[in-house]
Amino acid sequence: MAEANPDLRPPISGTTRLAAVIGHPVRHSLSPVLLNAAFAATGMDWTFVALEVAAGNTARAIDGLRTLGLAGLSVTMPHKGAVASLVDHCHETAEQLAAVNCVAVEDGNLVGYNTDGDGFIDGLVRDAGRDVVGGTAVVLGAGGAARAIVQALGRSGAAEVLVANRTPDRAENAALLAGSAGRTVAMVEIPDAVRSANLVVNATPVGMGVDPNPSAPTPIDPGLLRVGQVVVDLVYHPLETSWLVEVRRRGVEAYGGLSMLIFQAARAFSLWTGREAPVDAMEIAARAALV
Ligand code: NAP
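Now for a quick tour of the structure. (Residues numbered from 1 in each chain as written. Predicted model: local features only at pLDDT ≥ 70, side-chain atom pairs only at ≥ 80, totals over all residues. Heavy atoms only, no water.)

### Focus on the environment of Thr136
Link 1 in the chain: Among the secondary structure elements, Thr136 is positioned in strand 7 (residues 136–140).
Link 2 in the chain: Judged by relative accessible area, Thr136 falls into the buried class, the value being 12%.
Link 3 in the chain: Counting along the chain gives 58 residues from Thr136 to Val194, while the straight-line C-alpha distance between them is 9.2 Å.
Link 4 in the chain: When sequence neighbours within four positions are dropped, the list of residues in contact with Thr136 reads Glu160, Leu162, Ser196, Ala197, Asn198 and Leu199. (Helix = DSSP H or I, 4+ residues; strand = E, 2+ residues; numbered from the N terminus. Buried < 20%, exposed > 50% of the residue type's maximum accessible area, 1.4 Å probe, protein only. Contact = heavy atoms within 4.5 Å.)

Dropping the structure here:
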């Protein structure tokens, strides 16, 4: 494993700026690991903490952000939707998703962003070395992560974004986010859809928290995938699911969810600080925390 970067920050003092993540539960969040690694590697006088905020207390937390003068806020479940209606202004990506995962303070106003979808695209470009322009993507799932990705694929020029979800209504809603490229596929149509795809994304939690083993559940039959396609499993705990391992064993290019996690945080770092994020340092810290 690569060595952790030294912490180049000055000691915490009266000038240290504070950023935080709110969520419930939040103690498992990797945001403090990722963002403190970024501040440490850049030597910025910032620190980042996780704040447990119960579901009904989102408005109080946002008041607290204003009162205490936090310099940036990450937002995780169950607050992403509520924060979208509590900030002064939403960036159009967050507005369309009605979900905010990052709040920046701009000219004294709180601005809500959603960096998940762009973080996914950044990770894909870094890992697979290619963009999605003109391609066909299949997205399994229609929850928060899937919606952000479907929207980002549509914005990034995918020709077709095919959404499959066990609850069809949610698939319909998610597919709309990709504009004219979006379409739903019924669960029975998944094999045909997957055959036509360049990119296949698992945005369901199937395989999450399960030690890799041959009998672990898989989001779709690995036998449907073929060499030449790119597969992304958003699950990052474990770092590689049994499905990912099996897909790769068949010679198909496949990546886990760590890159999206890193790059959505990297975008938050840049929105708060105006600087490019040290993604290598963030990745080293995240991998160390996930073993
Ligand atoms: P979510 O909002 O709860 O949505 C979950 C989606 O998965 C829903 O569409 C749900 O279908 C579907 N689903 C759940 N269990 C299923 C099952 N057993 N079989 C088939 N479909 C199932 O969750 P989320 O926030 O989108 O997260 C989804 C996954 O992405 C999780 O594993 C999460 O850890 C991961 N994630 C990764 C990142 C990253 O940065 N790598 C970021 C966010 C999330 P229904 O609509 O029918 O309920």
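Structure shown, so let's carry the discussion forward.
### Quick look at the site of the ligand
Link 1 in the chain: Taken together, 20 residues surround the ligand, and among them Asn165, Arg166, Thr167, Arg170 and Gly257 come closest.
Link 2 in the chain: Side-chain polar atom of Arg166 to an oxygen atom of the ligand: 2.8 Å apart, as the coordinates give it.
Link 3 in the chain: Bound to the protein, the ligand loses 72% of the 920 Å² it would expose on its own.
Link 4 in the chain: For the shell around the ligand, the secondary-structure elements that each account for two or more residues are helix 6 (144–155) and helix 10 (258–273). (Near = heavy atom within 4 Å. Polar contact = N/O pair within 3.5 Å; in protein donor to acceptor, adjacent residues only side chain to side chain. Areas by Shrake-Rupley, 256 points an atom, 1.4 Å probe, with all protein chains shown as cover.)

### Observations concerning helix 10
Link 1 in the chain: Taking 1.5 Å of rise per residue, the 16 residues of helix 10 would be expected to cover 22 Å, and the 23 Å separating its terminal C-alpha atoms lies within 8% of that figure.
Link 2 in the chain: Counting buried residues in helix 10 gives 13 out of 16 residues, a clear majority hidden from the surface.
Link 3 in the chain: Of the residues one or two after helix 10, Gly274 is the one with positive phi, at around 75 degrees. (Expected span 1.5 Å × (residues − 1).)

### Observations concerning the pattern of salt bridges
Link 1 in the chain: If you walk through the whole model with that rule in mind, you get 16 salt bridges.
Link 2 in the chain: Asp118 serves as the salt-bridge partner of Arg155, at 3.0 Å between the closest nitrogen and oxygen. Placement of the pair is Arg155 in helix 6 and Asp118 in helix 5 (residues 116–128), with a sequence separation of 37 residues.
Link 3 in the chain: Its relative accessible area of 17% is what places Asp118 among the buried residues.
Link 4 in the chain: Taking the shortest distance from any N to any O, the salt bridge between Arg248 and Glu240 comes out at 2.6 Å.
Link 5 in the chain: Here Arg248 falls in the partly exposed class, since its relative accessible area comes to 33%.
Link 6 in the chain: Among the residues examined, Glu240 registers a relative accessible area of 33% and is labelled partly exposed.
Link 7 in the chain: Several salt bridges converge on common partners, so that one network encompasses Asp118, Asp122, Arg155 and Arg267. (Salt bridge = Lys/Arg side-chain N within 4 Å of Asp/Glu carboxyl O.)

### Quick word on the sheet that holds strand 5 (residues 102–106)
Link 1 in the chain: If you trace the 6 strands from one edge of the open sheet to the other, you get 2-1-3-5-6-4, paired in mixed fashion. Taken across any chain shown, the strands that pair with only one partner, and hence form the sheet edges, are strand 2 (46–52) and strand 4 (89–90).
Link 2 in the chain: When strand 1 (residues 17–23) meets strand 3 (residues 72–75), the two strands line up parallel, connected through 4 bridges. The residue of strand 3 that forms the bridge with Ala20 is Leu73.
Link 3 in the chain: Each of strand 1 and strand 2 is contacted by helix 1 (residues 31–42), which is oriented at about 170 degrees to strand 2, the strand it contacts most.
Link 4 in the chain: The sheet strands contacting helix 2 (residues 58–68) are strand 1, strand 3, strand 5 and strand 6 (109–113), and the helix crosses strand 6 at an angle near 130 degrees. (Pairing = 2+ DSSP bridges. Axes fitted to C-alpha atoms, helices over the stretch in contact; angles between N-to-C directions.)

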